[in-house]
Amino acid sequence: MLNADEGEPATFKDREVMLRRPDRVIEGLAIAAELIGATDIYLYLRGEFEIPWKAMEDAIQGFGEGLAHLDFHLHAGHGAYICGEETALLEALEGRRGMPRLKPPYPTEAGLWQKPTLVHNVETVACVPAILQRGGDWFKGLGRTEPGSKLYCISGHVQQPGTYELPLGVTLDELVEVAGGYVGALKAFSPGGASSGFLPAADRGVPLDFKGLAERGSMLGSSGVVVLNTSVDMAWAAREQMRFFEDESCGQCAPCRIGTRYLREALDAHLNDRRAGALTHATEAAWEMVEGSICGLGQAAPLPLTSALEYFSEEFWR
Ligand code: SF4
């Protein structure tokens, strides 16, 4: 199963891979199917990905008889961010509303129609053929602080936004240098899409990898890096991301359904009329969401607000 429902804000690497090397993606899927003895391969693409869809179809055709023993099923998503979560994706494929399942069981035990299912994203699958050809040590050696290369998406206040393949563990400054440099002076950045919250400019030297960012209370996530310069009001930036999560919550569990709205309304009340105490319970609500939500959306949703409050509190209280 290919998860190509790329919906994390500021993330556009899977689309690039499918456009530029669809053959590698199909080859990786075929290798994975061979290894686990599967004959059906599902590709779940974001609905707007019409050109990547065509690229994938052409690539399947291009392999001709070599892949005739496999059945490829392409499916277009319908715009729900939550369907990028693998079990919500499986629910949608089975014809139900896309809502995450409780885990365990994981898809490898009970996935599509309760059958063991391997689900991976495009970047992962596209790496498989080269790793088999050149070996695991070669791939490991591409990384700096952790194994492998990484496709970083970068956008915001940089000269040349785009997708760049670099050693896993480069710093923000190194990534931005490849992207032509900063526009203005750096104030903050999100290292891994909206779900990773904000880090201050002082963290520009932190390795953009899984461990380094986790130690800073953030995450690499989708590696969709967003650069914000000093023109950005961080309370406004947090509010925009809170609104996104409120819109995209599937509503299945109360901490996320109620919490995303509560935090956005509290922030609005604070920003609109500086209502005294509007944000008093924001930290407790965030804790409830992290502890009580079923999936990563509800667990990550408070981070834009809590990280902005932590690093840029003066912008909320002036
Ligand atoms: S955390 Fe949010 S998005 Fe995830 S299952 Fe619960 S309500 Fe749905």
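Reading the values: rules and limits
- Residues numbered from 1 in each chain as written.
- Predicted model: local features only at pLDDT ≥ 70, side-chain atom pairs only at ≥ 80, totals over all residues.
- Heavy atoms only, no water.
- Salt bridge = Lys/Arg side-chain N within 4 Å of Asp/Glu carboxyl O.
- Buried < 20%, exposed > 50% of the residue type's maximum accessible area, 1.4 Å probe, protein only.
- Near = heavy atom within 4 Å.
- Nonpolar A, V, L, I, M, F, W, Y, C, P; charged D, E, K, R; others polar.
- Domains from an automatic or database assignment.
- Contact = heavy atoms within 4.5 Å.
- Buried area = accessible area lost by both parts, 1.4 Å probe.
- Pairing = 2+ DSSP bridges.
- Helix = DSSP H or I, 4+ residues; strand = E, 2+ residues; numbered from the N terminus.
- Bend = angle between axes of the 7 residues up to and from the residue.
- Polar contact = N/O pair within 3.5 Å; in protein donor to acceptor, adjacent residues only side chain to side chain.
- Phe/Tyr/Trp six-rings, centres within 6.5 Å; stacked < 30°, edge-to-face > 60°.

> Can you help me understand the pattern of salt bridges in this one?
Opposite charge on two side chains lets them pair, provided their charged atoms get close. On inspection of all chains with the given rule, the structure shows 26 salt bridges. Between Arg96 and Glu94 there is a salt bridge; the shortest N-O distance is 2.4 Å. On the accessibility criterion, Arg96 (45% relative accessible area) is partly exposed. A relative accessible area of 17% places Glu94 in the buried class. It is possible to trace a salt-bridge network through shared partners that takes in Arg239, Glu240, Arg243, Glu246, Arg261, Arg264, Glu265 and Asp268.

> Where do I start with the site of the ligand in this structure?
Every one of the 13 residues lining the ligand counts as a neighbour, but Cys250, Gln252, Cys253, Cys256 and Cys295 are closest to it. Here the residues of the shell around the ligand are counted per class, giving eight nonpolar, five polar and no charged.

> Quick question: what am I supposed to make of the domain arrangement of the chain here?
As a measure of interface size, the accessible area lost when the parts come together is often cited. What the domain assignment lists for the chain is domain 1 (2-134), domain 2 (148-229) and domain 3 (234-317). Computed over C-alpha atoms only, the centres of domain 2 and domain 3 are separated by 23 Å. Between domain 2 and domain 3, the residue contacts involve 14 residues of the former and 13 residues of the latter. Across the domain 2 to domain 3 interface the summed buried area is about 1100 Å²; carbon plus sulfur atoms make up 69%. When residues of domain 2 are sorted by the area they lose upon contact with domain 3, Lys187, Ala194 and Phe198 head the list and together hold 53% of the total. Between domain 2 and domain 3 we count one salt bridge in total.

> Can you walk me through the sheet that holds strand S8 (residues 199-200) in this structure?
Either a parallel or an antiparallel arrangement is found when strands of a sheet pair, and the pairing is made through backbone hydrogen bonds. Judged by pairing direction, the sheet is mixed, and its five strands sit side by side in the order S6-S5-S9-S7-S8 without closing on themselves. The open sheet has two free edges, formed respectively by strand S6 (162-167) and S8, since each of these has just one partner strand. Pairing analysis gives four bridges linking strand S7 (residues 186-190) to strand S9 (residues 224-229), with the strands arranged antiparallel. In the sheet register, Leu186 faces S9, and the bridge partner there is Asn229.

> Teacher, can you tell me more about unusual backbone geometry here?
Cis geometry is found at the peptide bond from Lys103 to Pro104, where omega equals -5 degrees. Along the polypeptide, Pro104 turns up in the loop between helix H4 (86-93) and strand S4 (120-121). That bond from Pro104 to Pro105 is cis: its omega, 5 degrees, falls within 30 degrees of zero. One can find Pro105 in the loop between H4 and S4. The phi torsion at Trp113 lies on the positive side, around 50 degrees, for a residue other than glycine. Looking at Trp113, the relative accessible area reads 47%, which means it is partly exposed. The backbone phi angle of Ser223 is positive, close to 55 degrees, even though this residue is not glycine.

> How do you make sense of helix H5 (residues 122-134) when you look at a structure like this?
Note that an α-helix has 3.6 residues per turn; residues three or four places apart therefore point the same way. Along H5, the sharpest kink reaches roughly 30 degrees, centred on Val128 and followed within four residues by the proline Pro129. Of all the positions in H5, only Val122, Glu123, Val125, Ala126, Pro129 and Ala130 are classed as buried. Against strand S1 (2-4), helix H1 (13-20), helix H2 (22-36), S4, helix H6 (136-141) and strand S5 (149-156) lie the buried residues of H5. Its side-chain oxygen 3.2 Å from the backbone nitrogen of Glu123, Asn121 forms the N-cap of H5. Directly after H5, the chain includes Gly135, whose backbone phi takes a positive value near 100 degrees.

> Explanation requested: the packing of aromatic side chains in the structure shown.
Each aromatic ring pair is specified by the distance between its two centres and by the angle formed by the two planes. Applying the stated criterion across every chain, the model contains five aromatic pairs. For the pair Trp138 and Phe139, a centre-to-centre distance of 6.2 Å together with 50 degrees between the ring planes defines the contact as tilted. Judged by its relative accessible area of 28%, Trp138 is partly exposed. When its relative accessible area of 17% is taken as the criterion, Phe139 is described as buried.

> For this particular structure, what's the right way to read the pairing of S7?
The side chains of a regular strand alternate between the sheet's two faces. Among the five residues in S7, five count as buried, and that is most of the element. The pairing of S7 with S8 spans two bridges and is antiparallel. In the strand pairing of S8, Phe189 is matched with Leu199.

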